[in-house]
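Listed below, chain by chain, are the residues.
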Amino acid sequence: MASTSQPSASAQKKDVSLYQFFSPGGVLSRNHPAYEFRRGQLQMAQAVEQALGEKRHLIVEAGTGTGKTLAYLVPGIRSGKRVIISTGTKNLQEQLFYKDIPFLEHALFPDGEGKLSVCYMKGRNNYLCRKKLYDLTDTPVLSGLDEIEHYRAIAAWEKTTKNGDRAELASLPEASALWHKLDARADTCLGQKCSSWDRCFITEMHRRAMESDIIIVNHHLFFADLAIKQQAEDAHDAGILPDAGTVIFDEAHELEDVASSYFGIAVSNARVEELCRDVEASLQRNHLLSASVSGALKSLRERAMFFFALLPQGEGRFAFENRREFLEENGEEFLALQHSLGRIGSELENLPSKPEEIFNFVRRAGELQVQLGFLMESDDRNTVFWIERRRGGRDKSNVFLQATPIDVAPILKTCLFDRLECAVLTSATLAVGGGFDYMRRRLGLEQTRELVLASHFDYENQAMFYVPPDLPDPRTPQFAAKAADCIRRLLEITRGRAFVLFTSYAQMNEIYQRLLGELEFPMLLQGDAPKTALLEEFRLTPNAVLFATASFWQGVDVQGEQLSCVIIDRLPFAVPTDPVVAARVKSIDAEGGNAFFQYQVPAAVISLKQGFGRLIRSLHDRGLLVLLDNRILKKAYGRVFVESLPAYRRTTELSRVAQFFGAQ
C-alpha cells in the first residue's frame, strides 16, 4: 500500500504551521465563529504530524470536544501524501465532507486561489448500476404499483445524477425492494467487460479517488475492500480503493467487530436463492433459458431448501459445534447441494455464445461451493463456526452459516498494519484504565506511539454520575420492577429529557411497558420508527424520553437541554453465550490468559464510555448520568470502570441529584 501521490500544489502553497493554524490569533481563530483555543487539539495535530513524518503508527484517545477531525485533517493535508480517512458512521463521513473540508478550504484559501483534492466514497450498494437499469427497461419485471412508481423515479433521476448515489433520491423508501435489483453490488459487476463501463458510477468514483489526496470512506467499505484485495492476492485491479500509505481510522473502537465480519464467511439460503434469481432473469432476458438449465436451477433450489432446513434449530445466533456429527448424519444432503452448485456452473459454462454476465454466475456458484466446503469441513483453529436465523420478508426465515476469525489481530497485523507507512487510530473511547493494552492486543498493533488527551469539557461541574446503592443485581428477576420505579423518580427530577439505554430488547420492552401510563412525559420507543425519525422527534418534543438499545449508544449527537439525562440499565458486558464472544473467551483462557479481565471487562468499559458519551456534547451541556448496576461499586472489577470514566462528580444519594437539578 505504498503512497502514490506527490505533494499537491495546494499543500505546498499553503504551508501554514500547525501552531499558526490552531493557536490564538491563528488561521482557525480568524475563521471559526465559535473558536476557543483547545490545547488537546494542537497536541493531537502535532502527534499526527510526527507520526506521518516518522512513518509510525499512532493511537490517540481524544475526548468529545477536542476537535479531533481538524486535528488529523490539517496534518494530513500538510503531508502532501494520499490519506484515506475511515469513519465508523455515515454521519461522520458527511460531517467531514460537507462541513469540515469546505471550512478548511475557505480557511486555507480565503481568496479561492486553491482547492483541496477530496473524494467521498460509500459502499457499492449505495450506487445505481446503469446496466441493470437499462436491462430492466427492456424487460420490466416489476411487482406492484410501488415498484413501478419507484422505477419511474429512478429512471428519471439517472438522466441527471452525477454520482448515482441513492442518498440523492429522498423519495425512495429505505426498504425499497427495487433498489436491491438495481444497485452496483460487486457480485453482479462485470468490470471492464460491462457495456456501461465508461459511464459507470463506480468507475467514476474510482477515477475520482485515484486523483484525490484525501479519500473519505467508512470502516465497512474499507474492510470490504481489504478483504477483496486479500482474496485476489493483491491483484492490481482488485477492490475500488486506491493504494495509500496512510490511513486514519476515526471511531477506531469499532475496528475489531467490522474487521471480523469482513474476514469471515457467510453462506445463506437467501444467497443461493439470489444466485438462482439472477441467473433466471439474465437467461430469460437473453432468451437462453433451456430445459436443462431450468432443471439445474430447480434442483439447486430444492437442495438448498432441504439442506438449510436440516441445520440445527435455535433462536438468533448460536455455535455450530457438532458439524462433524451433522455431516455424518446428513452428509448426502450436503454433497447433493455441492453437486447442484457444480451442476449449475457446468450448465452455464456450456451455453453457446453467452453474454459476459454468465461467467460472473459461474464464478459465484464456484465461490458458494468453496465457502460452503470451508464452513462444513474446515478445522481452522482460529475460526468459530456458527448459525444465525433472521426473519426475512413475508414471514420467511433466512438461515446464515457463518465463520468468523476468533482473533483478527494476526490478520490485521500482516495485511494492514505491516503494510502501511502510518496508521492513526483515534476515538473518544479507546483507553481502558488510562492505557491502550487492550486495543493493541485485539488489533495486532505493535510499535505505536500513544497519546491520551484530557477532554476539553469540565466534567466535574457539567456532569453528575449517580449509582443507586440499593437496587438488586440486574441479572435477578426482581430487578425490572425496582429499576422502573427508580427510573420514574429520576425522570420526575430531570423533567424527562432523557435517553434510557438498555443492553437487551427484552429489558427495554419490559421497563417501557411498566412505565407506560406512569410517566407524564412523551415516551419514544426504538423500533416504532426509523432511527433518524426517532431522533428528530426526540429533538423536537419537549421533555421527551427515548427508550433504546445498542444502536443509540454511539454516533448519536443531541446537544443542549433537550438531553439532560442518560440512564443505562447495567454494565454492558457482551452476551457470554454469543458464539463469537464465547469462542474468544475460551481461546484466551486456553492460552493461559484471563478472558474476563483481558477481554470482557475492557470491552464493556469501552461500551459504557460510549453510552455515557451521549450526554455532554458541548461546553454548555449539563446533565445526569445514571448506572442502575451497583456492581460497579461492589465488585473488585468495578474499579476498572470507574477509573476509565471521566472525572464526573459522583454520588449514591438521590437528594444530591435533586440538588444538582435545583429540584426539591
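Residue numbers here run from 1 along each chain, matching the order of that chain's written sequence. Residue-level local features of this predicted model are given only where pLDDT is at least 70; pairs of side-chain atoms are given and counted only at 80 or more, and the full residue set underlies all totals for whole chains, interfaces and linings. Processing note: side-chain calculations cover all non-hydrogen atoms of the structure and skip hydrogens and water entirely.

A. Region of interest: the sheet that holds strand β1 (residues 57–62). Here a strand pair is declared whenever DSSP counts at least two bridges between the two strands. Only DSSP runs of H or I reaching four residues or more are called helices, and only runs of E reaching two or more are called strands; each is numbered from the N terminus. Judged by pairing direction, the sheet is parallel, and its seven strands sit side by side in the order β3-β4-β2-β5-β10-β1-β11 without closing on themselves. Of all strands in the sheet, those with a lone pairing partner are β3 (118–120) and β11 (448–453), marking the two edges. If you compare each strand with its neighbour and ignore which way they point, the axes differ by 15 degrees on average. Both strand β2 (residues 83–87) and strand β4 (residues 214–218) contribute to a ladder of five bridges, which runs parallel. In the sheet register, S86 faces β4, and the bridge partner there is V217. Working rule for contacts: check all heavy atoms of both residues, and any pair within 4.5 Å makes them a contact. Note on method: axes are straight lines fitted to C-alpha atoms, helices fitted across the in-contact stretch only, with angles between N-to-C directions ranging 0 to 180 degrees. Against the sheet, helix α4 (residues 39–54) engages β1, β5 (246–250), β10 (422–427) and β11, with an angle of about 175 degrees to β11.

B. Spotlight on the packing of helix α11 (residues 219–231) against helix α17 (residues 409–417). Remark: α11 packs on α17, axes separated minimally by 11 Å, with the N-to-C direction vectors making an angle of 85 degrees. Taken together, the axes of α11 and α17 are roughly perpendicular relative to one another. Mapping the contact onto sequence places F222, F223, L226 and Q230 in α11 and L412, C415 and L416 in α17. Relative orientations are named as follows: roughly parallel for angles under 35 degrees, roughly antiparallel for angles over 145 degrees, roughly perpendicular for angles from 65 to 115 degrees, and oblique for any other angle.

C. A look at the nonpolar core. Counting residues in each nonpolar core, the largest one holds 86 residues, and the members touching the most others are M121, F222, F223, F249, L425, F499 and F612. If we skip the residues at most four places from it in the chain, L425 touches L58, I59, V60, F249, A252, L255, F417, L430, L443 and L445. Residues grouped as a nonpolar core are buried Ala, Val, Leu, Ile, Met, Phe, Trp, Tyr and Cys residues, joined through side-chain atoms within 4.5 Å. Working definition: with a 1.4 Å probe on protein chains only, accessible area under 20% of the residue-type maximum means buried, over 50% means exposed, and in between means partly exposed. In terms of nonpolar packing, the next biggest core, distinct from the first, is built from 40 residues, V60, V83, I248 and L453 among them.

D. Summary view of the side chain of N630. Turning to its location among the elements, N630 is positioned in the loop between β17 (623–627) and α25 (631–634). At 3.3 Å, the side chain of N630 and the backbone oxygen of P468 are in polar contact. Residues contacting N630, with those up to four places away along its chain left out, are V467, P468, P469, D470 and L471. Polar contacts, as used here, are pairs of N or O atoms within 3.5 Å; protein pairs need one atom able to donate a hydrogen and one able to accept it. Residues neighboring in sequence count only if both atoms are side-chain atoms.

E. Layout of the pattern of salt bridges. Throughout this description, the term salt bridge denotes a Lys or Arg side-chain nitrogen within 4 Å of a carboxyl oxygen of Asp or Glu. Within the structure shown, the criterion is met by 45 salt bridges. Linking E388 and R390 is a salt bridge whose minimum nitrogen-to-oxygen distance equals 3.3 Å. Overall, the relative accessible area of 13% leaves E388 in the buried class. In this structure R390 comes out as partly exposed when scored by relative accessible area, which is 39%. R539 is the partner of E536 in a salt bridge, and the nearest nitrogen-oxygen pair spans 3.7 Å. One end of the pair, E536, and the other, R539, are both in helix α22 (residues 531–540), three residues apart, so they sit about a helical turn from each other. For R539, a relative accessible area of 35% translates into the label partly exposed. Each member of the salt-bridge network shares a partner with another, and the members are K131, D135, R285 and E357.

F. Up close: the packing of helix α14 (residues 291–310) against helix α15 (residues 323–349). Contact geometry for α14 and α15: axes closest at 9 Å, N-to-C directions at 155 degrees. In terms of axis orientation, α14 runs roughly antiparallel to α15. Here α14 and α15 pass one another in a crossing that is left-handed. Should the near helix be turned anticlockwise from the far one by less than a right angle, the crossing is left-handed, and should it be turned clockwise, the crossing is right-handed.

G. Spatial organisation of the packing of aromatic side chains. Two rings from Phe, Tyr or Trp (for Trp, the six-membered ring) form a pair when their centres sit within 6.5 Å of each other. Planes less than 30 degrees apart are called stacked, planes more than 60 degrees apart edge-to-face, and all others tilted. In the structure shown here, the tally under the stated rule is 28 aromatic pairs. Judged by centre distance (6.3 Å) and plane angle (80 degrees), the ring pair of F612 and Y648 falls under edge-to-face. A residue pair is termed long-range when its members are at least 10 positions apart, and F612 in helix α24 (residues 595–612) and Y648 in the loop between α26 (638–644) and β18 (649–651) qualify at 36 residues. Judged by relative accessible area, F612 falls into the buried class, the value being 1%. Among the aromatic side chains, those forming a connected cluster through ring pairs are F307, F308, F320, F326 and F334. Taking the ring centre of F400 as reference, the NZ or CZ of R390 above it sits at 3.9 Å. Whether a charge lies above a ring is judged from NZ of Lys or CZ of Arg, which has to be within 6 Å of the ring centre and within 35 degrees of the ring normal. The ring centre of F552 lies 5.4 Å from the NZ or CZ of K531, which sits over that ring.

H. Just the side chain of S282, in detail. Mapped onto the elements of the fold, S282 is located in helix α13 (residues 269–285). S282 has contacts with E357, I358 and F361, leaving out every residue within four places of it along the chain.

I. Structural context of the environment of H180. Mapped onto the fold, H180 is located in helix α9 (residues 177–182). The spatial distance from the C-alpha of H180 to the C-alpha of N126 is 9.6 Å, given a sequence separation of 54 residues. For H180, the contacting residues outside a window of four places in its chain are R185 and E274. For H180, the side chain forms a polar contact with the side chain of E274, separated by 2.8 Å.

J. Expanded view of unusual backbone geometry. Despite not being glycine, R495 shows a phi value in the positive range, around 55 degrees. Along the chain, R495 falls in the loop between α20 (479–494) and β13 (498–501). You will see that N543, though not glycine, has its phi angle at about 65 degrees, which is positive. Inspection of the secondary structure assignment puts N543 in the loop between α22 and β15 (545–548).

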